[in-house]
Amino acid sequence: MKNLVILGGGYGGMKILNELLPHHLPEDVTITLIDRVPYHCLKTEYYALAAGTISDKEIRVAFPEHPRLEVKYGEVTGIDAKNQKIIIKDAEPVAYDDLVIGLGCEDKYHGVPGADQFTYSIQSIDKSRLTYSILNNLGPGSVVGIVGAGLSGVELASELSESREDLNIKLFDRGKHILSSFPERLSKYVENWFIRNNVEIINGSNITKVEEKRLYNHHEPIDCDVIVWTAGIQANQIVRNMDEEKDQLGRLIITPIHHLPHDEHVFIVGDCASLPHAPSAQLAEGQAEQIVEVLKRRWKGEEPPASFPQIKLKGVLGSLGKKHGFGMMADRPITGRVARLLKSGILWMYKFHNG
Ligand SMILES: Cc1cc2nc3c(=O)[nH]c(=O)nc-3n(C[C@H](O)[C@H](O)[C@H](O)COP(=O)(O)OP(=O)(O)OC[C@H]3O[C@@H](n4cnc5c(N)ncnc54)[C@H](O)[C@@H]3O)c2cc1C
């Protein structure tokens with residue numbers, strides 16, 4: 001028997017399972033999925049978990065079941081590529097013939113002193129739960145500083161402002177306008193929403209230091225009861241520790257068919273892979289489909305394709321609380337209730353197909 005090991009049951013890992021398990025897993029192949037969480041988590045909804053507007057259970061999806069799938073619950077601490085083994089905390093190593101690394105990403109603090117120690121996070125389920133408990137236990141009038149106004153910072157700030165109107169939310173962003181990767185028209189729409197909903201936007205900010213309950217913007221101290229960091233991501237530490245070529249975000253350089261350049265048995269999926277698009281769940285899923293294609297061909301004894309067509313992305317949608325949204329669909333900006341409805345619809349469909 002050959003063993004395919006998948007590290008991480010996130011969007012990439014889950015898609016690989018769902019593509020292979022029903023009909024495409026050869027009789028002589030087993031799969032071992034290793035994750036530190038015993039279910040698939042909908043990371044795209046962590047902002048709502050942290051804001052207290054959805055329950056934990058709403059963003060969990062059970063891993064699939066199959067006689068040749070073993071799900072191992074554990075913390076991966078390293079990859080012994082020479083001996084083709086995965087090192088797991090307090091457990092026996094797991095051997096692989098083929099490996100898919102889909103361990104996602106972590107916060108990147110850009111060397112800002114104190115940021116890792118004194119800010120809260122929405123990058124993992126356990127950190128989002130902690131952020132939820134600290135935010136929702138705040139007294140009225142408390143100040144929440146959110147650093148970084150990309151998609152996740154904007155979604156958190158808007159959801160929290162709807163959930164806790166009594167809080168004083170400050171959204172710090174480096175750019176002249178928030179959501180710098182979107183067209184200016186969209187950024188202005190979102191800024192106006194924040195003005196109407198009493199969220200203070202601090203443009204052109206540069207956070208130089210963070211202390212307990214205090215951040216420094218261009219060295220000016222600003223007191224906050226809680227600070228949440230949404231100002232950048234990098235690949236999972238396990239991947240950053242690997243002795244392989246990486247990009248600036250610590251993501252592994254891969255071939256056009258998604259494996260390491262010198263090891264055709266180690267594939268990288270999702271936020272751990274260096275790809276020419278912004279990391280997203282959609283991208284992880286598109287890449288997972290292509291990895292499955294390579295594995296299927298190899299298992300049949302056929303040559304895999306030399307490359308794939310570019311992964312087609314449908315667009316990006318962001319929420320502004322439960323009733324409004326914004327985004328780009330087929331390169332066109334959309335705003336308002338339709339955008340929000342589309343976002344909810346996509347989540348519903350995802351849960352329907354995976355639940
Ligand atoms: C607030 C927020 C909103 C977002 N909104 C969108 C959106 O609207 N659309 C979109 O496309 N993308 C969105 N994203 C980005 C998207 O969530 C990620 O790009 C996507 O989750 C990447 O998928 P992945 O499979 O690479 O990793 P993940 O989905 O992060 O999965 C990684 C898995 O690895 C496991 N893991 C990590 N480390 C270890 C370890 N050491 N040992 C064992 N297991 C481990 C984790 O438990 C997890 O199950 C959003 C992200 C955030 C934070």
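Below: a short report on this structure. None of these values were measured; they are calculated from a predicted model. (Residues numbered from 1 in each chain as written. Predicted model: local features only at pLDDT ≥ 70, side-chain atom pairs only at ≥ 80, totals over all residues. Heavy atoms only, no water.)

1. Focus on the overall build of the protein chain
We apply this condition: Helix and strand definitions here come from DSSP, where helices need a minimum of 4 consecutive H or I residues and strands a minimum of 2 consecutive E residues; each element is numbered from the N-terminal end. For this measure, only C-alpha atoms enter the radius of gyration; the expected value for a globule follows 2.2 Å times N^0.38, where N is the number of residues. Note on exposure labels: buried denotes an accessible area under 20% of the residue type's maximum, exposed denotes more than 50%, and partly exposed covers the range between, all computed with a 1.4 Å probe on protein chains only. Residues are treated as being in contact if the distance between any of their heavy atoms lies within 4.5 Å.
Within the protein chain, the regular secondary structure consists of nine helices and 23 strands. Taking 355 residues into account, the globule formula puts the C-alpha radius of gyration at 20 Å, and the protein chain, at 21 Å, falls close to it. In terms of principal-axis extent, the alpha carbons of the protein chain reach across some 60 × 40 × 35 Å. When the 355 residues of the protein chain are sorted by exposure, 51% land in the buried category. Within the protein chain, contacts between residues separated by at least 24 positions form 65% of all contacts whose residues are at least 6 apart in sequence.

2. A few points about the nonpolar core
Which entries qualify depends on this criterion: Among buried residues, the Ala, Val, Leu, Ile, Met, Phe, Trp, Tyr and Cys ones that are joined through side-chain atoms within 4.5 Å form a nonpolar core.
Membership of the largest hydrophobic core comes to 66 residues, with the highest contact counts inside it found for Leu4, Ile31, Val154 and Phe194. Considering each element in turn, this core owes the most residues, seven residues, to helix 8 (residues 281-299). Not counting chain neighbours up to four residues away, the residues in contact with Val154 comprise Ala149, Ile178, Leu179, Val190, Phe194, Leu320 and Phe326. By size, the runner-up hydrophobic cluster in this structure holds 25 residues, among which are Leu7, Leu103, Leu252 and Ile254.

3. So, the sheet that holds strand 1 (residues 2-7)
In a beta sheet, neighbouring strands are held together by backbone hydrogen bonds and run either parallel or antiparallel to one another. Put simply, the rule reads: Strand pairing follows a simple DSSP-based rule, namely that at least 2 bridges must link the two strands. Axis geometry follows a simple rule: fit a line to the C-alpha atoms, using only the stretch in contact for helices, then measure angles between N-to-C directions, giving values from 0 to 180 degrees.
Here six strands make up an open sheet; going across it, the order is 5-2-1-9-20-19 and the pairing mixed. One side of each edge strand has no neighbouring strand; the edge strands of this open sheet are strand 5 (69-73) and strand 19 (259-260). Pairing analysis gives three bridges linking strand 9 (residues 98-101) to strand 20 (residues 263-268), with the strands arranged parallel. The residue bridging Ile101 from the neighbouring strand is Ile268, located in strand 20. Contacting strand 1, strand 2 (29-35), strand 9, strand 19 and strand 20, helix 8 runs over the sheet at an angle of about 155 degrees to strand 20.

4. Observations concerning the site of the ligand
This is how the line gets drawn: Throughout, the term near means that a residue has one or more heavy atoms lying within 4 Å of the molecule or strand in question. The term polar contact refers here to a pair of N or O atoms within 3.5 Å; inside protein, the definition further demands a hydrogen-donor-capable atom paired with an acceptor-capable atom, and it admits residues adjacent in sequence only when both atoms are side-chain atoms. Using a 1.4 Å probe, the Shrake-Rupley method yields the accessible areas, and only the shown protein chains count as cover for residues.
Neighbouring residues of the ligand: 31 residues in total, closest Gly12, Asp35, Val76, Asp271 and Ala281. One of the backbone nitrogen or oxygen atoms of Ser280 is found 3.4 Å away from an oxygen atom of the ligand. With respect to the ligand, the side chain of Lys343 contributes an N or O atom lying 3.3 Å from an oxygen atom. Burial of the ligand by the protein chains amounts to 90% of its free accessible area of 1000 Å². Elements represented by at least two residues in the shell around the ligand include exactly helix 1 (11-20), helix 5 (151-163) and helix 8.

5. Quick notes on the environment of Arg340
Turning to its location among the elements, Arg340 is positioned in helix 9 (residues 337-354). Sequence separation between Arg340 and Gly139 is 201 residues; the distance between their C-alpha atoms is 30 Å. Not counting residues up to four positions away in its chain, the partners in contact with Arg340 are Tyr47, Ser319, Gly321, Lys322, Lys323, His324 and Gly325.

6. Some details on the sheet that holds strand 22 (residues 324-329)
The strand order across the open sheet built from three strands is 21-22-23, with neighbouring strands paired in antiparallel fashion. Lying at the two open borders of the sheet, with one neighbouring strand each, are strand 21 (315-320) and strand 23 (332-336). Averaged over all neighbouring strand pairs, the angle between strand axes comes to 10 degrees, with direction disregarded. The strands touched by helix 9 are strand 21, strand 22 and strand 23; relative to strand 23, the strand with the most contacts, the crossing angle is about 95 degrees.

7. Some details on the packing of aromatic side chains
Stated formally: Side-chain rings of Phe, Tyr and Trp (the six-membered ring for Trp) are treated as a pair once their centres are within 6.5 Å; stacked means planes under 30 degrees apart, edge-to-face means over 60, and tilted covers the remaining angles. Only when the NZ of Lys or the CZ of Arg is both within 6 Å of the ring centre and within 35 degrees of the ring normal is a charge said to sit over the ring.
Applying the stated criterion across every chain, the model contains five aromatic pairs. Seen from their ring centres, Tyr11 and Tyr350 are 5.4 Å apart, and the 50 degrees between their planes marks the pair as tilted. With Tyr11 in helix 1 and Tyr350 in helix 9, the pair connects residues that are 339 residues apart, well separated along the chain. Note on Tyr11: relative accessible area 12%, which makes it buried. Lying over the aromatic face of Tyr216, Lys209 brings its terminal NZ or CZ to 4.8 Å of the ring centre.

8. Structural notes on the pattern of salt bridges
This is how the line gets drawn: Just to be clear on terms, a salt bridge is a Lys or Arg side-chain nitrogen sitting within 4 Å of an Asp or Glu carboxyl oxygen.
The final tally for this structure, using the stated rule, is 19 salt bridges. In this structure, Asp223 and Arg214 form a salt bridge, with 2.7 Å as the shortest nitrogen-oxygen distance. A residue is classified by how much of its surface remains accessible, and Asp223, at 48% relative accessible area, is partly exposed. The network of salt bridges with common partners includes Lys209, Glu211, Arg214 and Asp223.

9. Some words on the pairing of strand 9
Walk down a regular strand and you will see the side chains alternate between the two sheet faces. With burial as the criterion, each face of strand 9 is covered, one bearing Asp98 and Val100 and the other bearing Leu99 and Ile101. Bridge count for strand 1 against strand 9 is four bridges, and the pairing is parallel. Note on strand 9: the bridge partner recorded for Ile6 is Val100.

10. Some remarks on the state of the cysteines
For the record, the criterion: Two cysteine sulfur atoms make up a disulfide if the distance between them is within 2.5 Å.
Tallying each qualifying case throughout the model produces zero disulfides. In this structure Cys105 is not part of a disulfide, and its nearest cysteine sulfur, from Cys272, lies 8.1 Å away. According to the relative accessible area criterion, Cys105 is buried, its value standing at 9%.

11. Some thoughts on the side chain of Gln290
Mapped onto the elements of the fold, Gln290 is located in helix 8. Setting aside its immediate chain neighbours within four residues, Gln290 contacts His258, Phe308, Pro309 and Ile311.

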